[in-house]
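Listed below, chain by chain, are the residues.
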Amino acid sequence: MSPAPRLFIGLALAGALSSVQADDETYRFTTGLDYSSGRYGSAQTTEIWYLPITTRMEWQRWTFKLTLPYVRMTAPSGGTIVGYDANGNPIRSGAGQRVTQSGLGDVVTSATYSLLERQDLMLDVTGKIKFGTASVDKGLGTGEHDFALGLDAYFPTGGATTPFLSLGWKAPGSPAGQTLRNTWQAGAGVAHKFSSAWSGGALFDWRSAATDGSIPQRDLTLYAVYKSKTDWKLQGYTYTGFSDASADYGLGLMVSLGL
């Protein structure tokens with residue numbers, strides 16, 4: 001049982017692997033750092049540092065998560081929201097002077113239920129709420145709440161390789177003076193266990209446009225996970241985008257401890 005892949009890059013990649021590698025812990029604490037850079041179709045670059053602190057609790061077929069993030073964003077001033085990056089941070093169309101703002105990001109909670117646990121098929125359904133806690137004045141958030149649903153399917157092959165698919169729907173809260181669309185997300189990937197300690201894989205993700213003037217996101221992520229014998233994990237990843245709605249590139253490193 002695990003959270004859906006791509007609820008957050010990095011945190012979600014660990015989730016995809018934990019579905020096919022049984023963990024005995026009830027609680028897991030994760031933190032790390034994600035960096036992304038992109039022009040998003042504009043003349044200036046937006047850079048985002050994202051530092052999440054996540055608590056995960058498992059109970060029977062349920063998995064509950066709470067994420068408290070810190071965000072540091074350097075972006076063009078002004079403009080309107082044209083989309084979101086992989087961590088849910090708003091991307092703006094501003095063409096003014098680049099400014100740097102930082103502070104608390106949007107707090108996110110999620111609940112995942114394991115619908116099916118068979119040797120050849122595993123299904124998870126996830127509900128997620130993003131609370132509008134990030135500062136609107138600083139441009140770190142919309143100030144509105146977002147709601148999302150996701151379905152994830154894992155296909156254990158009996159060997160070291162596990163393909164997985166994801167489908168999601170998001171209803172974003174619209175800030176004053178702007179209407180954001182409900183969006184769809186679909187992803188496909190593969191997880192491979194290289195040894196008892198090392199795993200890795202790849203994920204391709206597509207998301208529909210969030211506004212009338214934007215285009216869908218298309219991203220490819222490569223990742224590796226090291227799992228120690230003492231219940232801590234180290235997760236490294238890199239990703240790149242294939243549309244103006246995606247970051248040009250990003251990378252991150254996450255560490256987690258299970259209890």
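Right above here is the structure, for reference.
As the structure is a prediction and not an experimental result, all values here were calculated from the model.

Draft legend 1. Inspection of the pattern of salt bridges at higher detail. For the structure shown, the criterion picks out 8 salt bridges. R98 serves as the salt-bridge partner of E47, at 3.1 Å between the closest nitrogen and oxygen. With E47 in strand β2 (residues 46–59) and R98 in strand β6 (residues 98–104), the pair connects residues that are 51 residues apart, well separated along the chain. The residue R181 makes a salt bridge to D212 at a minimum N-O spacing of 3.0 Å. Here the residue R181 occupies a position in the loop between β10 (161–171) and β11 (183–193), and D212 occupies one in the loop between β12 (198–207) and β13 (217–227), the gap between them amounting to 31 residues. For R181, a relative accessible area of 37% corresponds to the partly exposed category. Since its relative accessible area comes to 66%, D212 is described here as exposed. One network of salt bridges, in which partners are shared, links D106, K130, D146 and K170.

Draft legend 2. Broad picture of the environment of R28. Inspection of the secondary structure puts R28 in strand β1 (residues 27–38). When the C-alpha positions of R28 and G258 are compared, they lie 4.2 Å apart, and in sequence the two are 230 residues distant. Setting aside anything within four residues of it in sequence, one finds R28 in contact with T54, T55, R56, D231, W232, K233, S256, L257 and G258. Engagement of the side chain of R28 in a polar contact is seen with the side chain of S256, the distance being 2.8 Å.

Each value, and the rule that gives it
Residues numbered from 1 in each chain as written. Predicted model: local features only at pLDDT ≥ 70, side-chain atom pairs only at ≥ 80, totals over all residues. Heavy atoms only, no water. Salt bridge = Lys/Arg side-chain N within 4 Å of Asp/Glu carboxyl O. Helix = DSSP H or I, 4+ residues; strand = E, 2+ residues; numbered from the N terminus. Buried < 20%, exposed > 50% of the residue type's maximum accessible area, 1.4 Å probe, protein only. Contact = heavy atoms within 4.5 Å. Polar contact = N/O pair within 3.5 Å; in protein donor to acceptor, adjacent residues only side chain to side chain.

Keep in mind these values describe shape, not function.
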